[in-house]
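Chain and residue survey
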2 protein chains.
Amino acid sequence: MKTLYEGKTKNVLKNEADGSVYLLFKDSATGENGVFDPGSNSVGGSVEGKGKTGLIISKYFFELMEKKGIPTHYLGADIEKNLMKVRNLTVPKLEFILRYYTAGSMCRRFSLEEGLPFDPPYTEVTLKDDAQGDPLISERLCIMKGLLREGMYEEALKLIERVGKVLREELANMGLTLIDFKIEIGYDQNGKIYLVDEITPDIWRVRDKDGRIPDQIECGKILLERINKA
Amino acid sequence: MKTLYEGKTKNVLKNEADGSVYLLFKDSATGENGVFDPGSNSVGGSVEGKGKTGLIISKYFFELMEKKGIPTHYLGADIEKNLMKVRNLTVPKLEFILRYYTAGSMCRRFSLEEGLPFDPPYTEVTLKDDAQGDPLISERLCIMKGLLREGMYEEALKLIERVGKVLREELANMGLTLIDFKIEIGYDQNGKIYLVDEITPDIWRVRDKDGRIPDQIECGKILLERINKA
């Protein structure tokens, strides 16, 4: 298999024989100075088994999303090899964010208190560009830069709202309150939009019943236990 | 007179006897390392006569705006004292930006070429917060932070489009192509919106007939000459 793209926590591989595409879940975690943080843009370290945990959780949630009628790029998982088979889509360098409460960088950016509720949820779109600190980007600039076609921006925001409902309910069943999360989207030649990338503690911030915010490693352990029990 | 607020290029003064409010145009100019730049957040130096030039230009353009039916905070100018008398309004810490072409920080932020045209013009709103680098802010966060009331965000964007038309035409008459500019708005107790602050080369970026972008000091000289001839 050929590595098409090397990411911080995942690589994209292609089987050149049949054209199939795979995500390889790595053991690296984002963070800084030894503190893990899903919102960070740098790799904070490596945790044995993190890749496998992320793949098991992704498999669980992608299958749940498909069951709820949400189109995803998920085609199957080989847990032993840390590989997820996915649809071959165009994936723009964008992140779609949905917030149920204020938290993290947005509080610093706008001098807002942590934990203020958004109802309806608050959505934002950022350009994936580490050097520029993932700036907020508008629909018009996405189209100008050729990242999205007309209408896709709004469609992706509708998709993240649907994803949010499923995710929030499922995490609540596990005793976790969803604060915010980010997704990536991809589209096929016909312009159909799919939920892509991963669904793991790397994409969200949650609060547990004691009001604590577990980092992505700790949250992975909590979820894995729940999934194994289910 | 009491100084209510000390800004980088202007102070806000209040005559406590009658409650009237004034802007004092100072000789300082924004920029960095000795290079003047209206987009900068720091004071780059002082230029004798800059305050007076800014006031003369503001007087000219505010009177032009009023003639075109655009409500402004302008009530008169005392050129000798570098003072502009203004309406006493609520002025949220926001900047409304209109772009006819890509330029400057937006090109760096989104890896865009300089000089790509926007038609219709492109508008953005930023929070005035030097420490956070004046982040882009949405209507919803403006309302959440109590900066604007419902509807004012859209109304202000309509105002800047009207201001842009007048400004663009007038600068074109002076041989200058307007690239982008920023305004501030204020509102009275009834929620009526006014164009406030200043209208000087500190608020815009222009291109001259040779394709050069004059800094705000040079541009001030060009305009002063034209205004004195008129």
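Structure: above.
For clarity, every value in this text was computed on a predicted model and none was experimentally measured. The residue numbers shown here count from 1 along each chain, following its written sequence. All chains are assigned letters beginning with A, and all ligands numbers beginning with 1, in the order in which they are written. Residues qualify for local features only when their pLDDT is at least 70, as the model is predicted, and side-chain atom pairs are given and counted only at 80 or more; totals for whole chains, interfaces and linings, by contrast, use all residues. Note that the side-chain values use all heavy atoms of the structure and ignore hydrogens as well as water.

Here the focus is the sheet that holds strand β4 (residues 28-32) of chain A. All names here are of chain A. Strand pairing is assigned whenever DSSP identifies at least 2 bridges connecting the two strands. Strands here are runs of E lasting at least two residues and helices are runs of H or I lasting at least four, both read from the DSSP assignment and numbered beginning at the N terminus. Pairing in this open sheet of three strands is antiparallel, and the strands run β5-β4-β6 from one edge to the other. Two strands in the sheet have a free side with no partner beyond their single neighbour: β5 (35-36) and β6 (43-46). Pairing between β4 and β5: two bridges, direction antiparallel. Directly across from Gly31, in β5, lies its bridge partner Phe36.

With that settled, the discussion passes to the interface of chain B and chain A. Residue contacts are defined here by distance: any two heavy atoms, one from each residue, within 4.5 Å place the two residues in contact. On the side of chain A, 25 residues touch chain B, which itself brings 25 residues to the contact. Counting the surface lost from both chain B and chain A, the interface buries some 2000 Å², and carbon and sulfur atoms represent 64% of this. A quick way to say it: buried area is the sum, across both parts, of accessible area lost when two parts are put together, with a 1.4 Å probe. If you sort the residues of chain B by the area they bury against chain A, Phe110, Arg140 and Met144 of chain B come out on top, with a joint share of 31%. We call two N or O atoms a polar contact when they sit within 3.5 Å, provided that within protein one can donate a hydrogen and the other can accept it, with sequence-adjacent residues counted only if both atoms are side-chain atoms. In this assembly, chain B and chain A are joined by twelve residue pairs in polar contact (both at pLDDT 80 or more). Mapped by element, the contributors of at least two residues to the side of chain B that touches chain A are α2 (105-110), β10 (117-127) and α3 (139-144) of chain B.

Two chain copies here: they are related by a rotation about an axis and a translation along the same axis. When the copies are overlaid, the least-squares fit takes in C-alpha atoms only where the residue has pLDDT of at least 70 in both copies. Structural alignment of chain B on chain A gives an RMSD of 0.0 Å, achieved by rotating through 180 degrees and translating 0.0 Å along the axis. The transformation just described matches what one would write down for a two-fold rotation axis. Of the C-alpha atoms belonging to chain B, the one lying closest to the rotation axis is found on Leu136 of chain B, 3.7 Å away. Taken as a fraction of all interface residues of chain B, those also at the interface in chain A reach 100%, which identifies the copy contact as same-surface.

Time to look at the sheet that holds strand β3 (residues 21-25) of chain A. Residue and element names in this part refer to chain A. An order of β1-β2-β3-β8-β7 is seen for the five strands of this open sheet, with the pairing classed as antiparallel. The open sheet has two free edges, formed respectively by β1 (2-6) and β7 (74-78), since each of these has just one partner strand. This sheet shows a mean twist of 25 degrees between the axes of neighbouring strands, independent of strand direction. Of the strand pairs in this sheet, β1 and strand β2 (residues 10-14) are connected by four bridges, and their pairing is antiparallel. By the bridge assignment for β2, Lys2 is matched with Lys14. Against the sheet, helix α1 (residues 50-67) makes contact with β3, β7 and β8 (83-86), and its axis sits at roughly 145 degrees relative to β7, the strand it touches most. Lines fitted to the C-alpha atoms define the axes, with helices restricted to the stretch that makes contact. Angles between their N-to-C directions range from 0 to 180 degrees.

Glancing now at the environment of Tyr122 of chain B. Along the chain, the position of Tyr122 of chain B falls in strand β10. Burial status follows relative accessibility: with a 1.4 Å probe on protein chains alone, a residue under 20% of its type maximum counts as buried, one over 50% as exposed, and anything between as partly exposed. Look at Tyr122 of chain B and you get buried, because its relative accessible area is 6%. In this structure, the C-alpha to C-alpha distance between Tyr122 of chain B and Asp180 of chain B, residues 58 residues apart in sequence, is 9.2 Å. Beyond its immediate stretch of four places on either side in the chain, Tyr122 of chain B contacts Ser138, Arg140 and Leu141 of chain A together with Ile97, Leu98, Arg99 and Met106 of chain B. A polar contact is formed between the side chain of Tyr122 of chain B and the side chain of Ser138 of chain A, at a distance of 2.4 Å.

We now examine helix α4 (residues 152-173) of chain B. Think of an α-helix as turning once every 3.6 residues; residues three or four places apart then point the same way. All names here are of chain B. Along its 22 residues, α4 runs 32 Å from first to last C-alpha, staying within 8% of the 32 Å computed at 1.5 Å per residue. For α4, the set of buried residues is Met152, Tyr153, Ala156, Leu157, Leu159, Ile160, Val163, Gly164, Val166, Leu167, Glu170 and Leu171. Following α4 by one or two positions, Gly175 has its phi on the positive side, about 85 degrees. Multiply 1.5 Å by the residue count of a helix minus one, and that product is the helix's expected span.

Each aromatic pair joins two rings of Phe, Tyr and Trp (for Trp, the six-membered one) with centres within 6.5 Å, and gets the label stacked for planes under 30 degrees apart, edge-to-face for over 60, and tilted for any other angle. Under the defined criterion, the tally for this structure stands at eight aromatic pairs over all chains. Ring geometry for Phe62 of chain A against Tyr74 of chain A: centres 5.8 Å apart, planes inclined by 10 degrees, an arrangement best described as stacked. A residue pair is termed long-range when its members are at least 10 positions apart, and Phe62 of chain A in helix α1 and Tyr74 of chain A in strand β7 qualify at twelve residues. The residues Phe62 of chain A and Tyr74 of chain A share a single accessibility class, namely buried. Summarising the aromatic geometry, the rings of Phe61 of chain B and Trp204 of chain B are spaced 5.7 Å apart at their centres and angled 70 degrees between planes, so their arrangement reads as edge-to-face. Taken together, the residues span a long stretch of sequence, with Phe61 of chain B in helix α1 (residues 50-67) and Trp204 of chain B in strand β13 (residues 204-207) at a distance of 143 residues. Comparing Phe61 of chain B with Trp204 of chain B shows no difference in burial state: the two are buried. Clustering of aromatic rings is evident, with ring pairs tying together Tyr60, Phe61 and Trp204 of chain A. In this scheme, Lys NZ or Arg CZ marks a charge over a ring once it lies within 6 Å of the ring centre and within 35 degrees of the ring normal. A cation sits over an aromatic face here: Arg207 of chain A above Tyr101 of chain A, 5.1 Å from the ring centre.

Interpretation note: all reported values are geometric properties and have no functional meaning in isolation.
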